[in-house]
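# Overview (structure and organization)
One-letter residues, chain by chain:
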Amino acid sequence: MMKELKTMRRFNIRKAKKPREDKTGAVVMNVLIPHMQHVENSIGVLAMSALDLVAPATDVFLKYRQAKWIQLSGHEGAFFPAGPDTVWKKRMSKDCNEVSAYRQIMKEDVRDMVPVFMQEVEYAGHYYIELDDLLHRFKDPCVMDIKMGCRTFQESEVSNSTKRKDLYEKMISLDPNEPTLEERAVGAITKLRYMQFRESSSSTSTCAFRIEGIKLKHSEPLINLKKVKTADEIRSKMQEFLHGNTHVKLALIKRLQNLREKFECSAFFRKHEIIGSSLLLIYDEQTVGAWMIDFAKTCPVPDGLVLDHRSAWRVGNHEDGYLTGLDNLLVL
């Protein structure tokens, strides 16, 4: 109990307030969540800073939020519902790249193109990022997760030129005809060769983006979409997602054009490679939106480099093809 109280000491629990309007004009109720007796057996103390309120969540509250929860990609167990309109994202490594990215983006005009960053939270030896829950203003929405860029690996991940037999075995297990004659003779390949082979099976290599997952209204998520590669296959999935809603399509195009304009003017993005980041497209009967998410692999480039996010990638130039992918997405 004392450990729990120490964790709570940094937060202020306040009384319920009158309803207020959030930035979208929706009415938000400030509520007081009752205390749990065995909080250590659940997620624990869940932050609600967006409501100026922090308290442990009840089982009923968690079940309600989790019933509405949608996760199309990423690490299972990395996200937890917090307050009525915020989430906790678990930091998956010792690096704090994502926290740094959000803090810098929040200072630029492009900040309205990402979830609102609240704070970094430490609980039970783990670190979490508290973010605006992008789904909270939607009712039974259609959602599409699009992984952006011409590569999903960092340069540091493929810097080792050692040829590995285990990666060769993985390659031939996926496609026995892929290795070259030289690779067959050696029976080994580099990490770079393997990663490029894996990405050649998706539209990451051809369009600089790929569809990771789709959630349609009243249906289960579709997540095995990495083989969707050709322009026709992508258009088919887009049509399935939009379901003939022309107004949704036009609203998304306008939003993505606005994102592209702000991205091109951003000092932050000129000096950072954006790896493994996604675009989240969401709409329901009332609202349409698109946001950049996931900056865990977003890192500053070496001094002297300025990225345009469209130039072809070669080892050392740190280009990621993000804007190439966005350009292609807009014409498809």
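Residues numbered from 1 in each chain as written. Predicted model: local features only at pLDDT ≥ 70, side-chain atom pairs only at ≥ 80, totals over all residues. Heavy atoms only, no water.

## Section: the packing of aromatic side chains
Operational definition: Two rings from Phe, Tyr or Trp (for Trp, the six-membered ring) form a pair when their centres sit within 6.5 Å of each other. Planes less than 30 degrees apart are called stacked, planes more than 60 degrees apart edge-to-face, and all others tilted. What counts as a helix is a DSSP run of H or I of at least four residues, what counts as a strand is a run of E of at least two, and both are numbered from the N terminus. Relative accessibility decides the category of a residue: with a 1.4 Å probe and only protein chains considered, values under 20% of the type maximum give buried, values over 50% give exposed, and everything between is partly exposed.
Going through the model one piece at a time under the given rule, you end up with 10 aromatic pairs. Summarising the aromatic geometry, the rings of Phe153 and Trp313 are spaced 5.6 Å apart at their centres and angled 80 degrees between planes, so their arrangement reads as edge-to-face. Of the two residues, Phe153 is situated in the loop between β7 (142-148) and α4 (165-174) and Trp313 in the loop between β12 (299-300) and α11 (322-331); the sequence distance between them amounts to 160 residues. For Trp313, a relative accessible area of 17% puts it in the buried group. Note on Phe263 and Tyr322: the rings are 5.0 Å apart at their centroids and 15 degrees apart in plane angle, and the pair reads as stacked. Here the residue Phe263 occupies a position in helix α9 (residues 246-265), and Tyr322 occupies one in helix α11, the gap between them amounting to 59 residues. Note on accessibility: Phe263 and Tyr322 belong to one class, buried. Among the aromatic residues, those joined into a cluster by ring pairs are Phe263, Phe268, Phe269 and Tyr322.

## What to know about the sheet that holds strand β8 (residues 209-215)
We apply this condition: In short, DSSP must find at least two bridges between two strands for them to pair. In this description, a line fitted to the C-alpha atoms serves as the axis of each element, helices being fitted only across the stretch in contact, and the angle between N-to-C directions of two axes falls anywhere from 0 to 180 degrees. Should any heavy atoms of two residues lie within 4.5 Å, those residues are counted as being in contact.
Strand order in the open sheet formed by four strands is β8-β7-β10-β11, with antiparallel pairing between adjacent strands. Edge positions in the open sheet fall to β8 and β11 (288-293), since each of these has one partner strand only. Neighbouring strand axes in the sheet, compared pairwise and without regard to direction, differ in orientation by 20 degrees on average. Sheet topology note: the β7/strand β10 (residues 278-283) ladder contains six bridges and is antiparallel. Looking at the pairing, Cys142 lines up with Tyr283 of β10. Contacts from helix α8 (residues 231-242) reach β7, β8 and β10 within the one sheet, and its direction differs from that of β7 by about 150 degrees. Those strands touched by α11 are β7, β8, β10 and β11, and its axis lies near 140 degrees from that of β7.

## As for the pattern of salt bridges
Where we set the bar: The term salt bridge refers to a side-chain nitrogen of Lys or Arg lying within 4 Å of a carboxyl oxygen of Asp or Glu.
Within the structure shown, the criterion is met by 19 salt bridges. The closest approach of N and O atoms between Glu98 and Lys89, which form a salt bridge, is 2.9 Å. Here the two residues Glu98 and Lys89 agree in accessibility, since each one is buried. Two residues, Asp166 and Arg164, come together in a salt bridge whose shortest N-O distance is 2.7 Å. On the accessibility criterion, Arg164 (34% relative accessible area) is partly exposed.

## Digging into the pairing of β11
Counting buried residues in β11 gives five out of six residues, a clear majority hidden from the surface. When β10 meets β11, the two strands line up antiparallel, connected through six bridges. If you follow Leu279 over to β11, its bridge partner there is Met292.

## Things to note about unusual backbone geometry
Phi is mostly negative for residues that are not glycine, and the peptide bonds are mostly trans. Even without glycine at this site, Ala124 takes up a positive phi of about 55 degrees. Accessibility expressed as a relative area gives 45% for Ala124, which makes it partly exposed.

## Examining the sheet that holds strand β3 (residues 79-81)
The strand order across the open sheet built from four strands is β3-β4-β6-β5, with neighbouring strands paired in antiparallel fashion. Either end of the sheet is taken by a strand with one partner, and the two such strands are β3 and β5 (117-123). Here the strands of the sheet are splayed against their neighbours by 30 degrees on average, with no regard to which way each runs. As paired elements, β3 and strand β4 (residues 86-90) share three bridges and run antiparallel to each other. Bridging across to β4, Pro81 finds its partner in Val87.

## Examining the nonpolar core
Heads up, the rule is: Among the buried residues, those of types Ala, Val, Leu, Ile, Met, Phe, Trp, Tyr and Cys that are joined through side-chain atoms within 4.5 Å form a nonpolar core.
Core analysis: the largest hydrophobic core is formed by 45 residues, its most contacted members being Ile146, Phe241, Leu256, Phe269, Leu279 and Met292. Leu279 has contacts with Met144, Asp145, Ile146, Met148, Leu256, Leu259, Trp291, Met292, Tyr322, Leu326 and Leu329, leaving out every residue within four places of it along the chain. Formed by 11 residues, the second largest nonpolar core is a distinct cluster that contains Val158, Met171, Leu192 and Phe197.

## Comments concerning the packing of α9 against α11
What describes two packed helices is the angle between their axes and the distance between those same axes. Stated precisely, the cut-off is as follows: Small angles under 35 degrees read as roughly parallel and large ones over 145 as roughly antiparallel, with 65 to 115 read as roughly perpendicular and the rest as oblique. Crossings are classed by handedness, with left-handed meaning an anticlockwise turn of the near helix from the far one by less than a right angle and right-handed meaning a clockwise turn. Amino acids outside the nonpolar list (Ala, Val, Leu, Ile, Met, Phe, Trp, Tyr, Cys, Pro) and the charged list (Asp, Glu, Lys, Arg) are all regarded as polar, and Gly is one of them.
Between α9 and α11, the shortest axis-to-axis distance is 11 Å and the interhelical angle comes to 155 degrees. Classified by the angle between their axes, α9 and α11 sit roughly antiparallel to one another. The way α9 lies across α11 gives a crossing that is left-handed. Listed contacts from α11 to Ile253, Leu256, Gln257, Leu259, Arg260, Phe263 and Glu264 of α9 are Tyr322, Leu323, Leu326, Asp327, Leu329 and Leu330. Tallied by class, the residues present in the contact of α9 with α11 amount to nine nonpolar, one polar and three charged.

## A few points about α4
Rules: Regarding the arc, it is the one traced by the directions from the helix axis to the C-beta atoms.
Residues Leu167, Tyr168 and Met171 constitute the buried set of α4. Each buried residue of α4 lies within a common arc of 105 degrees when the element is viewed along its axis, so the set occupies one face. Summarising the geometry of α4, the exposed residues directed more than 90 degrees from the buried face are Lys165 and Ser173. For α4, the secondary structure elements touched by its buried residues are α5 (181-186) and α6 (191-199).

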